[in-house]
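A structural walkthrough
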Amino acid sequence: LGIASVIVFDRILRIDLNRPHAILKFAWFFLLLLCAIASMIVLRNRAGLVAVMFVLLIMFISRSRRRLTLAALIFATVVILFIFVLIYLGFLDPLVVILERAFTLNYDVGDLNSLSAGRWNTYIRGIEYVQLHPFFGELSVSERFFGTPHTYILNKWVRYGLIGSLPFVVFYIYLFVFTLRRLFSRSENRGTQRLAIWLLLLGLIVSLFEYTYPFGPGVSQVMVWFMIGCSYGRPRASVIH
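Cut-offs and rules
Residues numbered from 1 in each chain as written. Predicted model: local features only at pLDDT ≥ 70, side-chain atom pairs only at ≥ 80, totals over all residues. Heavy atoms only, no water. Helix = DSSP H or I, 4+ residues; strand = E, 2+ residues; numbered from the N terminus. Buried < 20%, exposed > 50% of the residue type's maximum accessible area, 1.4 Å probe, protein only. Contact = heavy atoms within 4.5 Å. Areas by Shrake-Rupley, 256 points an atom, 1.4 Å probe, with all protein chains shown as cover. Phe/Tyr/Trp six-rings, centres within 6.5 Å; stacked < 30°, edge-to-face > 60°. Lys, Arg positive; Asp, Glu negative; His and termini not counted. Salt bridge = Lys/Arg side-chain N within 4 Å of Asp/Glu carboxyl O. Axes fitted to C-alpha atoms, helices over the stretch in contact; angles between N-to-C directions. Parallel < 35°, antiparallel > 145°, perpendicular 65-115°, else oblique. Nonpolar A, V, L, I, M, F, W, Y, C, P; charged D, E, K, R; others polar.

Considerations on the overall build of the protein chain
Per the secondary structure count, the protein chain includes eleven helices and zero strands. Secondary structure of the protein chain in N-to-C order comes out as α-α-α-α-α-α-α-α-α-α-α. The buried share of the protein chain, reckoned over its 241 residues, is 34%. Considering only contacts in the protein chain between residues 6 or more positions apart, those separated by 24 or more positions represent 62%. Here the protein chain displays about 15,800 Å² of accessible surface, and carbon together with sulfur accounts for 70% of that area.

Below you can see the structure in the form of structure tokens.
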């Protein structure tokens, strides 16, 4: 759902409002976006919601910066002021309550461990476990770690130690560097490449809360890596026999 939200929002940003039926396309894709986000709210996919909201905001700012005109600036200002007025008058209170419950329902907001669904204590114990077994983690001892750290790097440190997890961690950090360089590069203008980077950024943000990302689960991440391979893979020179 998060990947679908990013793809649909990318289509929305690419719509040329001067072309025929542009308004209908905008309405259709906007409806799809609302359905995807609403489904994530119902499922209470908190990590996915945080990642999607962050990526969509960065996408909007990035696209607006390249297409900034006086009309677009005035329109954006009017929309922002209108939203603030609706919030002030209380018309958006039901929506705010729904979003708040999606993140905090059945959790104690004042307790960080409760708000993180028990993961905060697991993080603390994971760091302590790495301090006790720093080199190869669970590989070097018979004492297994009780629980699962839901952060990619900490999970790898607990399972393989600082030395055993080095290939995973180095490549993981490289993905962040690769993503940020492509996002801030002015030469990366091809639509498919840009979209692939947005999807990779989404997976990297989720990986801060879910240890299987950005490489798994395969059913949700296979399209991301397929797009990256198609967009950035160098074409082989053809050989004529």
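Describing the packing of aromatic side chains
For the structure shown, the criterion picks out ten aromatic pairs. Arranged with centres 6.0 Å apart and planes meeting at 5 degrees, the rings of Phe26 and Phe30 form a pair that is stacked. Here Phe26 pairs with Phe30, and both are found in helix 2 (residues 22-43), just four residues apart, close to one helical turn. What makes Phe26 partly exposed here is its relative accessible area of 36%. The interplanar angle of 70 degrees and the centroid separation of 5.4 Å between the aromatic rings of Tyr129 and Phe145 together place this pair among those described as edge-to-face.

A closer look at the side chain of Lys156
Structurally, Lys156 is set in helix 8 (residues 152-164). No salt bridge is formed by the buried Lys156; the nearest opposite charge belongs to Glu138, separated by 10 Å. Each residue touching Lys156, except ones within four places of it in the same chain, is listed here: Gly161, Ser165, Phe168 and Tyr211.

Things to note about the pattern of salt bridges
Inspection of the entire model under this criterion finds three salt bridges. In this structure, the salt-bridge partner of Asp10 is Arg14, at a minimum N-O distance of 2.7 Å. Judged by relative accessible area, Arg14 falls into the partly exposed class, the value being 36%. One salt bridge connects Arg144 with Glu138, and the closest N-O pair in it is separated by 3.6 Å. The exposure class assigned to Arg144 is exposed, which follows from its relative accessible area of 60%.

Quick notes on the side chain of Gln221
Inspection of the secondary structure assignment puts Gln221 in helix 11 (residues 218-232). We classify Gln221 as buried; its relative accessible area is 3%. In this structure Gln221 touches Ile3, Gly203, Tyr213, Pro214, Phe215 and Gly216, once residues within four positions along its chain are discounted.

Thoughts on the environment of Leu180
Mapping Leu180 onto the fold places it in helix 9 (residues 166-183). In this structure, the C-alpha to C-alpha distance between Leu180 and Leu201, residues 21 residues apart in sequence, is 8.6 Å.

Brief notes about unusual backbone geometry
Looking along the chain, the bond that leaves Tyr213 and enters Pro214 is cis, with omega of 5 degrees. On the secondary structure map, Pro214 appears in the loop between helix 10 (191-206) and helix 11. Residue Gly216 is joined to Pro217 through a cis peptide bond whose omega torsion reads -5 degrees. Assignment of secondary structure puts Pro217 in the loop between helix 10 and helix 11. Phi is positive for Arg44, which is not a glycine, with a value near 55 degrees.

Quick word on the packing of helix 8 against helix 9
For the pair helix 8 and helix 9, the least separation of the axes is 8 Å and the interaxial angle reads 135 degrees. Viewed along their axes, helix 8 and helix 9 adopt a mutual orientation that is oblique. Two secondary-structure elements touch here, helix 8 through Tyr152, Ile153, Lys156, Trp157, Tyr160, Leu162, Ile163 and Gly164 and helix 9 through Leu166, Pro167, Phe168, Val169 and Tyr172. Taken together, the residues of the contact of helix 8 with helix 9 break down into eleven nonpolar, one polar and one charged.

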